[in-house]
Amino acid sequence: MSKKLTVAVVGATGAVGREMLKTLHDRQFPATAVRAFASARSAGSKVPFGETELTVQELREDVFEGIDIAIFSAGGGTSETFAPHAAHAGCVVVDNSSQWRMDDRCPLVVPEVNPDALAGHNGIIANPNCSTIQMLVALKPIYDAVGIRRVVVSTYQAVSGTGQKGLEELERQTRDLFNLREPECKVYPYRIAFNVLPHIDVFLDNDYTKEEMKMTNETVKIFNDPSVKVTATCVRVPVFFGHAESVNVETVKKMTAKECRILLSQAPGVKVFDNPREKLYPMPAYIAGDDETYVGRIREDESIENGLNMWVVADNVRKGAALNAVQIAEELLRRDLVRVKDRNVFMA
Ligand code: NAP
Ligand code: 3JN
């Protein structure tokens, strides 16, 4: 008889939490029980899980006893408060927020890039930011083959990155504009319908946004290489699902565009969609719901000696959040790492 495995989704009523439940079901994650948690606001409501429904329970500090893995996507504050209690109860947390990403006690993992970082975890594993995940899935083979000195990235991020309320804002504003009504801005500082906003998350003292600095800092941690420099401009666009990125890479040794296409077409989690003559390139509207990170528009940067340009697109809610987290949980199982060695690491 196989061992019992109870999995919890924290933030189960949210855009990412719902996709998390769908992903666990679609991939036939070997859980013997799945439990759904959210705030007291939605306790008692139902969320779909395959053909059935789960009743949402209120998240409390004492709910983690008997849960083996808890996948959190309920915001940084919830993760800060509750993840240490989960680890203390012996439950391994895979956390989707930025709360623990840069904490030295927590591995920050993209399974196609640095699965070995899971070894020796302390009970909380961090899932990177969606924009970092898809960029690094595409960059890892290049990093391994020729080294990377510098990356200049501009993102085109869908409103689903802001959760349910982002999706509703784009839909409402679009309807308002078609009905000649002034669009109401509840979520973003300016209208997002028929507009682009060069502003994601809060501004920091260096005039970058927090989202931009996540890409810079998380890349260094995941590659475990401070010599890789990343500068980012993160932009919100009126797209429901799927983040796109223009990525310029300066490599250490030369790689031609042809070599890059061949390399990436063999890389795990990547699909190369690149034939300019056939107008073939990836776009969010056509890849939403897919697991892969799509790469197109691969070409040499003719302004420097060792440079490549590429266009990277992935479903931000799936590979950028839910799928990556479930893949981490799968990797933990494969490596027999579903246990917390020292339950007191995060208890002050
Ligand atoms: P969302 O649609 O607004 O959902 C938020 C979820 O968190 C809801 O289920 C909500 O439950 C729950 N929640 C809020 N406060 C809570 C509390 N005190 N206790 C328990 N549950 C609570 O947002 P989302 O798009 O799913 O994103 C959720 C989080 O995931 C984000 O805040 C972010 O940290 C992370 N995220 C990460 C990435 C990434 O790049 N990897 C991408 C998107 C999001 P109620 O229904 O009860 O309010
Ligand atoms: O805006 C996006 O496209 C991605 C958003 C991610 C996000 C949203 C709210 C809070 C995060 C994140 O994962 O970095 C957070 C957070 O800081 O936890």
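Residues numbered from 1 in each chain as written. Chains lettered and ligands numbered in written order. Predicted model: local features only at pLDDT ≥ 70, side-chain atom pairs only at ≥ 80, totals over all residues. Heavy atoms only, no water.

Caption draft 1: Focus on the overall build of the protein. Regarding its fold elements, the protein presents eight helices and 13 strands. The C-alpha atoms of the protein give a radius of gyration of 20 Å, which matches the 20 Å a tight globule of 348 residues would have. Its C-alpha atoms give the protein principal-axis dimensions of roughly 60 × 55 × 45 Å. A buried classification covers 52% of the 348 residues belonging to the protein. Counting only carbon and sulfur atoms, one obtains 49% of the accessible surface of the protein, whose full area is about 16,100 Å². In the protein, the 41 positive side-chain charges and the 46 negative ones have mean positions that sit 2 Å from each other. (Helix = DSSP H or I, 4+ residues; strand = E, 2+ residues; numbered from the N terminus. Rg over C-alpha atoms; globule rule 2.2 N^0.38 Å. Buried < 20%, exposed > 50% of the residue type's maximum accessible area, 1.4 Å probe, protein only. Areas by Shrake-Rupley, 256 points an atom, 1.4 Å probe, with all protein chains shown as cover. Lys, Arg positive; Asp, Glu negative; His and termini not counted. Charge placed at Lys NZ, Arg CZ, Asp CG, Glu CD.)

Caption draft 2: How the structure looks around the sheet that holds strand S7 (residues 124–126). Taken together, the seven strands give an open sheet; going across it, the order is S3-S4-S2-S1-S5-S6-S7, and neighbouring strands pair in mixed fashion. Here the strands that pair on one side only, and so sit at the sheet edges, are strand S3 (46–49) and S7. Direction aside, the axes of adjacent strands within the sheet are offset by 30° on average. Looking at chain direction, strand S1 (residues 6–10) and strand S5 (residues 69–72) are connected through four bridges and run parallel. Along S5, the bridge assignment pairs Val9 with Ile71. Contacts from helix H1 (residues 15–26) reach S1, strand S2 (33–38), S3, strand S4 (52–58) and S5, with the element oriented near 35° to S3. Each of S5, strand S6 (92–95) and S7 touches helix H8 (residues 318–334); the most contacted strand, S6, lies at about 150° to it. (Pairing = 2+ DSSP bridges. Axes fitted to C-alpha atoms, helices over the stretch in contact; angles between N-to-C directions. Contact = heavy atoms within 4.5 Å.)

Caption draft 3: Summary view of the nonpolar core. Membership of the largest hydrophobic core comes to 37 residues, with the highest contact counts inside it found for Met135, Leu139, Ile142, Val151, Val247 and Met310. Looking at this core, the elements that each hand over two or more residues are helix H3 (130–146), strand S8 (148–157), helix H5 (210–223), strand S9 (229–236), strand S10 (243–251), helix H6 (257–265), strand S12 (293–300) and strand S13 (307–314). Top contributing element to this core by residue count: H3, with nine residues. Residue contacts for Val247: discarding those within four places in its chain leaves Met135, Leu139, Val151, Val152, Val153, Leu308, Asn309, Met310 and Val312. Of all hydrophobic cores here, the second largest spans 30 residues; its members include Ala12, Ile71, Ala322 and Leu337. (Core = buried A, V, L, I, M, F, W, Y, C linked by side-chain atoms within 4.5 Å.)

Caption draft 4: Looking closely at the site of ligand 2. Taken together, 13 residues surround ligand 2, and among them Ser98, Arg101, Gln157, Lys214 and Arg236 come closest. The separation between an oxygen atom of ligand 2 and a polar side-chain atom of Arg236 is 2.7 Å. Contact with the protein chains hides 74% of the accessible area of ligand 2, taken as 420 Å² for the molecule alone. For the shell around ligand 2, the class distribution of residues is two nonpolar, seven polar and four charged. (Near = heavy atom within 4 Å. Polar contact = N/O pair within 3.5 Å; in protein donor to acceptor, adjacent residues only side chain to side chain. Nonpolar A, V, L, I, M, F, W, Y, C, P; charged D, E, K, R; others polar.)

Caption draft 5: Up close: the sheet that holds strand S11 (residues 270–272). Here six strands make up an open sheet; going across it, the order is S9-S8-S10-S13-S12-S11 and the pairing mixed. Across the chains shown, the open sheet's two edge strands, defined by having one partner strand only, are S9 and S11. The mean inter-strand angle of the sheet, taken between neighbouring strand axes irrespective of direction, is 20°. Strand direction decides the pairing type here: S10 and S13, joined by eight bridges, are antiparallel. Within the sheet, the bridge partner assigned to Asn248 lies in S13 and is Asn309.

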